Amino acid sequence: NLTPEELEFENSELDDAILAGQEEAVREFIDQVPLLSPVDISSELEKLGYKGQTDQRRALSLMAYRHVRRLKRIYLDGESPHDLPPKQNVLMLGPTGCGKTFMVELLFQHILKLPTVIVDITSFTESGYIGDDVRTILTRLMLNANGNQRLAECGVVCLDEFDKIASSSSNARFAGQGTTKDVSGYGVQRELLGMIHGTDVVVAMDYGFSEYGARVQVSTHNIPFIACGAFSGMDELLRENRSNIGFRNVPGEDLSQLTLDEVGSFQKFGFLPELIGRFSRIISFPKLSTETLKQILTENVLPQFSNEFRGEDLELTVSEARSEERRVGKEC
């Protein structure tokens, strides 16, 4: 029989052996991750069917290249993370259907094949309330990395519908001097602060956070967070903010280039300025043009339907619609 001290020593040695094995597995994995240039990454996205958003595609391709290059320098070259620039978090704004989440999925799950989780942030609430705890995001990442803690720490997290956690503009919160809980707005934002910036999080290996469940400590210092949201109405807030600080409010003003100096607009939208400050780059996606939508329809969608028809020994033919035909169709 072992004494408690001997048992603790053996468990410590076992944990060290497990971590050593995980680190070796991570080095082998990182060695296999392709180090494509940003230009090549953008081209691969197009080959996989991503159309349009050229500048936005280049921006995220550069972010992905820097992430992979950073991992290789840390795990293969033995460089200290403190000697390298910090991981890059990205905030992507744009209307529904403009290709934000699809780009993340193709880039990190299909091209680079890194442990990646894409979560709908609207299902999360502040700790202690009904709903998903934000720490379960890392639980999902751990499961995606087959339980390898070190491998999960190299992954990517995408927070979809990020704009939906904007806090309500109700004055009730301030009337009680901050005592009123906002469990799905500011509450979630506060809990995301440290995780997005980079910290050590104790993560349960089951979604129930049961008392006797296994737990691991996951570092988010090397995990880039990508937040996606439509942010409907943000353009009006930006115009108002720029007008108030001396910018001319020109009709048709280009709002595609956003800066972190405009966090006041995000605060009016319902976000903590500290949270928006965690994102080192903001990428704005415009709505897709008619030409791009037509390209997606003819090159991505119609071939799938044609293939389905061929399976039934039928041929699908779609001709170019003329304006006169569309007018008659509407009248009918």
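Examining the environment of leucine 106
Then step 1. With respect to the helices and strands, the residue leucine 106 is situated in helix H4 (residues 100-111).
Then step 2. By relative accessible area, leucine 106 is classed as buried at 6%.
Then step 3. Sequence spacing of leucine 106 and glutamate 46 is 60 residues, and the spatial spacing of their C-alpha atoms is 9.9 Å.
Then step 4. For leucine 106, the contacting residues outside a window of four places in its chain are Leu45, Leu48, Tyr50 and Ile111.

What about the packing of aromatic side chains?
Then step 1. Applying the stated criterion to the full structure yields seven aromatic pairs.
Then step 2. Taken together, a centroid distance of 5.9 Å and an interplanar angle of 25° make the contact between tyrosine 50 and phenylalanine 102 stacked. Taken together, the residues span a long stretch of sequence, with tyrosine 50 in the loop between helix H2 (38-47) and helix H3 (54-75) and phenylalanine 102 in helix H4 at a distance of 52 residues.
Then step 3. The exposure class of tyrosine 50 is buried, given its relative accessible area of 2%.
Then step 4. For phenylalanine 102, a relative accessible area of 37% translates into the label partly exposed.
Then step 5. With 5.9 Å between their ring centres and 80° between their planes, phenylalanine 231 and phenylalanine 266 make a pair best called edge-to-face.

Notes on the environment of valine 26
Then step 1. Among the secondary structure elements, valine 26 is positioned in helix H1 (residues 4-32).
Then step 2. Its relative accessible area of 1% is what places valine 26 among the buried residues.
Then step 3. On a C-alpha basis, the gap between valine 26 and tyrosine 75 in space is 7.8 Å, while along the polypeptide they are 49 residues apart.

Let's talk about helix H8 (residues 186-197)
Then step 1. With 12 residues, H8 ought to run about 16 Å at 1.5 Å a step, and its terminal C-alpha atoms sit 17 Å apart, in line with that.
Then step 2. Looking at H8, one finds that the buried residues are Tyr186, Gly187, Val188, Gln189, Leu192, Leu193, Met195 and Ile196.
Then step 3. Note on H8: the residue one or two positions beyond its end, glycine 198, has a positive phi of about 130°.

So, the pattern of salt bridges
Then step 1. In total, this model carries 11 salt bridges according to the counting rule given.
Then step 2. Arginine 27 serves as the salt-bridge partner of glutamate 24, at 2.9 Å between the closest nitrogen and oxygen. Taken as a pair, glutamate 24 and arginine 27 lie in helix H1 at a separation of three residues, close to a single helical turn.
Then step 3. Note on glutamate 24: relative accessible area 36%, which makes it partly exposed.
Then step 4. Accessibility expressed as a relative area gives 31% for arginine 27, which makes it partly exposed.
Then step 5. We note a salt bridge from arginine 73 to glutamate 79, for which the minimum N-O separation is 2.9 Å.
Then step 6. With a relative accessible area of 29%, arginine 73 lands in the partly exposed category.

Analysis parameters
In this numbering scheme, every chain counts its residues from 1 along its sequence in written order. Whole-chain, interface and lining totals are the exception, using all residues; otherwise, since this is a predicted model, local features are given only for residues with pLDDT of at least 70 and side-chain atom pairs are given and counted only at 80 or more. Excluding hydrogens and water, the side-chain values take into account all heavy atoms of the structure. Here a helix means four or more residues in a row that DSSP labels H or I, a strand means two or more in a row labelled E, and each is numbered from the N terminus. Exposed residues in this analysis have more than 50% of their type's maximum accessible area, buried residues have under 20%, and partly exposed residues fall in between, with area computed by a 1.4 Å probe over protein chains only. Two residues form a contact once any of their heavy atoms are found within 4.5 Å. Stacked, edge-to-face and tilted are the three classes for Phe, Tyr and Trp ring pairs, Trp counted by its six-membered ring, which pair at centre distances within 6.5 Å; planes under 30 degrees apart are stacked, over 60 edge-to-face, the rest tilted. What a helix should span is 1.5 Å times the count of its residues minus one. By convention in these notes, a salt bridge is any Lys or Arg side-chain nitrogen within 4 Å of a carboxyl oxygen on Asp or Glu.

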